[in-house]
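Overview (structure and organization)
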Amino acid sequence: MARHLITSAIPYINGIKHLGNLVGSQLPADLFARYQRARGNEVMFICATDEHGTPAELAAAKAGKDVADYCAEMHDVQAEIARGFRLSFDHFGRSSSAQNRVLTQHFAVKLAEAGLIREVTEKQMYSITDGRFLPDRYIEGTCPNCGFESARGDQCDNCTKQLDPVDLINPRSVISGSTDLELRETKHLFLRQSEMRSKLQDWIDSKTDWPLLTTSIAKKWLNDGDGLQDRGITRDLHWGVPAQFEGAPWSGMDGKVFYVWFDAPIEYIAATEEWADKTGGDWARWWRTDRGADDVTYTQFMGKDNVPFHTLSFPATILGSNEPWKLVDYIKSFNYLNYDGGQFSTSRGRGVFMDQALEILPADYWRWWLLSHAPESADSEFTWENFQTSVNKDLADVLGNFVSRITKFCRSKFGEALPAGGAWGEREAALIDELNTRIRAYETFMEEKEVRKAAAELRAIWVAGNEYLQAAAPWTVFKTDPDQAAAQTRLALNLVRLYAVLSAPFIPDASEAMLAGMQTEDRSWPADAKAALEALPVGHAFTTPEVLFRKIADEEREDWQQRFAGTRG
RNA sequence: GGGCCUGUAGCUCAAUGGUUAGAGCAGGGCGCUCAUAACGCCUUGGUUGGGGGUUCAAGUCCCUCCGGGCCUACCA
């Protein structure tokens, strides 16, 4: 039995994520996790909320809440929504956990022992009114290049020129609007990634089967300009893992915390510890190659914005520690999902957010569309028309109607149990051949994390059932040869169970509904289609399920189109 | 500015340099009547963004121009 460690990029705590965030990491990770479990493999599927950083502090302040309370509340909200989408995490952790604090500090010490931490004193903008140092993006002013009045400290959105906050004319705090800014000296810890460059380069070069998107971003960072740069791993914030602690090999870091991007990936490990503490399980056999993790296959899922941190920073942390931690084996990255001619926008409330999606339709509808249109090779686009068409055609007509037509046919002609009599012939043999071929193809696409191709293959498997029924025509055969019609009907009812098993990673609720209808708990993966189509024997009782997927009407679609065009309300 | 990705049928997407560029949806025709007005079969539709080049052979490789997108290290 293979062992799969699967992590999804951890969503930021600040607010509810939109469908683009979902399809970029959590959903495909869940698909893979469910598939591996269905194949009988041992799976540890980890996700968490990424809770530290400036935006969390500001969002909490805006909500008038203590940041810890705010994060706890938002974590529960996100966890509830994740359950709603049937994301099957073994554990949904929190980067603010005690386990992560200990582990993050541990890694920092190990990196320091390896000579990979250096202290840097630099000058940064401090807002006296806000009482905090401001990240470049939290400073606005007039662009010295083009005169644009809302240029950010890092870049002017009008002329795209790269800026430094000190370049801005009349700089002000984005938070308070205050112009009471000054440059202050501050000391930070830097991870000497430049020292790790050739090691990381060799590692990336060895990953010839990774998505182009993943390796090209990594190589860009490795080779751009002077090559991989050292990176600050601390910040002047209150909310985070304290950078000064008992046993720290440095001093003068009081009141500072580790940068979110240092502690966030470490949370993958810490979340597994959280899981172990909760369940009594053994986290080390997933993460320590000296403690049983050497046979683990580790796959990460993320949007393209996360790639540099997962291909370079986090591996630098792992490798630099000189400890036997499990390193990622495959990084599946995704492009962005756009919304109806533009981008999803959290700030402008443009697009569909996860909570809203579930208010409108059940999880499976969204899961199917998102996964079958996953932005793998390029950015892809959500349109309501496309969504409506896919749901109505693929789910309602092809799959749902198949279940409906065969169960109702059987009920009316034979009653609600698999009828006896008849035998299979050439047509059935041909179907079995096709199914075997397609199921093997489906497995291959799933193993390769080719999400859209897997979805297309699954759909083709559904279509094969309709083709068979149409060609066999048991409703006609029944008039002259009821035994033969019974054999055909038995096969088709077994197809329903087979479809439930194969479709479960994509549409778990519908899969359960199909199994419930067939009154079986048999979820065994079809090693051979012939055997799978004999799983439910003659006389096995079933119930005719309710409509599996309802159709989306034009009026509904238009209504939603209006509702989600502008501001979230 | 630099780097990367991308442009293929009306739409969404496929195609290790190798038959006549393929699917789904939409459109047209036929069939079926078990079914959620569902299903099946057949079919229309392409100067592969433009131009040039390499090659026996180019959607695929090279150059160039045009369009779309992302990243560019202190948002996360």
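Residues numbered from 1 in each chain as written. Chains lettered and ligands numbered in written order. Predicted model: local features only at pLDDT ≥ 70, side-chain atom pairs only at ≥ 80, totals over all residues. Heavy atoms only, no water.

1. Overview of the pattern of salt bridges
Using the following cut-off: Salt bridges, as used here, are contacts in which a Lys or Arg side-chain nitrogen is within 4 Å of a carboxyl oxygen on Asp or Glu. Strands here are runs of E lasting at least two residues and helices are runs of H or I lasting at least four, both read from the DSSP assignment and numbered beginning at the N terminus. Think of it in three bands: residues with accessible area under 20% of the maximum for their type are buried, residues over 50% are exposed, and the middle band is partly exposed, with areas taken using a 1.4 Å probe on protein chains only.
Inspection of the entire model under this criterion finds 42 salt bridges. Linking D397 and K551 is a salt bridge whose minimum nitrogen-to-oxygen distance equals 2.7 Å. Of this pair, D397 sits in helix α12 (residues 384-413) while K551 sits in the loop between α18 (529-532) and α19 (554-563), and the two are 154 residues apart along the sequence. Residue classification places D397 among the partly exposed residues on the basis of a relative accessible area of 24%. What makes K551 partly exposed here is its relative accessible area of 45%. Salt bridges linked by common partners bring K110, E113, R288, D290 and E323 together as one network.

2. Quick word on the packing of aromatic side chains
For clarity, the threshold we go by: Here a pair means two rings of Phe, Tyr or Trp (six-membered ring of Trp) with centres within 6.5 Å. Their orientation is stacked below 30 degrees between planes, edge-to-face above 60, and tilted elsewhere.
The full count for this structure, using the stated rule, is 33 aromatic pairs. When the ring of W287 is compared with that of Y298, the centres are 5.1 Å apart and the planes differ by 75°; the resulting orientation is edge-to-face. Note that W287 is positioned in helix α8 (residues 284-287) and Y298 in strand β13 (residues 296-303), a separation of eleven residues in sequence. For W287, a relative accessible area of 0% corresponds to the buried category. We classify Y298 as buried; its relative accessible area is 0%. Between the aromatic rings of F409 and W475, the centroid separation amounts to 6.5 Å while the plane-to-plane angle is 80°, which identifies the pairing as edge-to-face. One end of the pair, F409, is in helix α12; the other, W475, is in helix α15 (residues 474-480), with 66 residues separating them in the sequence.

3. Notes on helix α1 (residues 19-38)
Our working definition: To obtain the bend at a residue, axes are fitted to the seven residues ending there and to the seven starting there, and the angle between these axes is taken.
At Q26, α1 shows its largest kink, close to 40°, and the proline P28 lies no more than four residues downstream. For α1, the buried fraction is high: 16 of the 20 residues fall into the buried class. Of the residues trailing α1, G40 is marked for its positive phi of about 85°.

4. Examining the pairing of β13
So the rule is basically this: When DSSP finds two or more bridges between two strands, those strands count as paired. The definition of a right-handed crossover adopted here requires that, viewed with the strands pointing away, the path from the first strand over the helix to the second runs clockwise.
Where burial is concerned, most of β13 is hidden: seven out of the eight residues are buried. Pairing of strand β1 (residues 3-8) with β13 involves six bridges; the strand directions are parallel. What sits directly across from L5, in β13, is Y298. Taken together, the five bridges between β13 and strand β14 (residues 330-334) define a ladder with parallel strand orientation. Note that in β14 the partner of Q300 across the bridge is I331. In terms of handedness, the path from β13 via helix α9 (residues 307-320) over to β14 forms a crossover that is right-handed.

So far we have only geometry, and geometry alone does not tell us how the molecule works.
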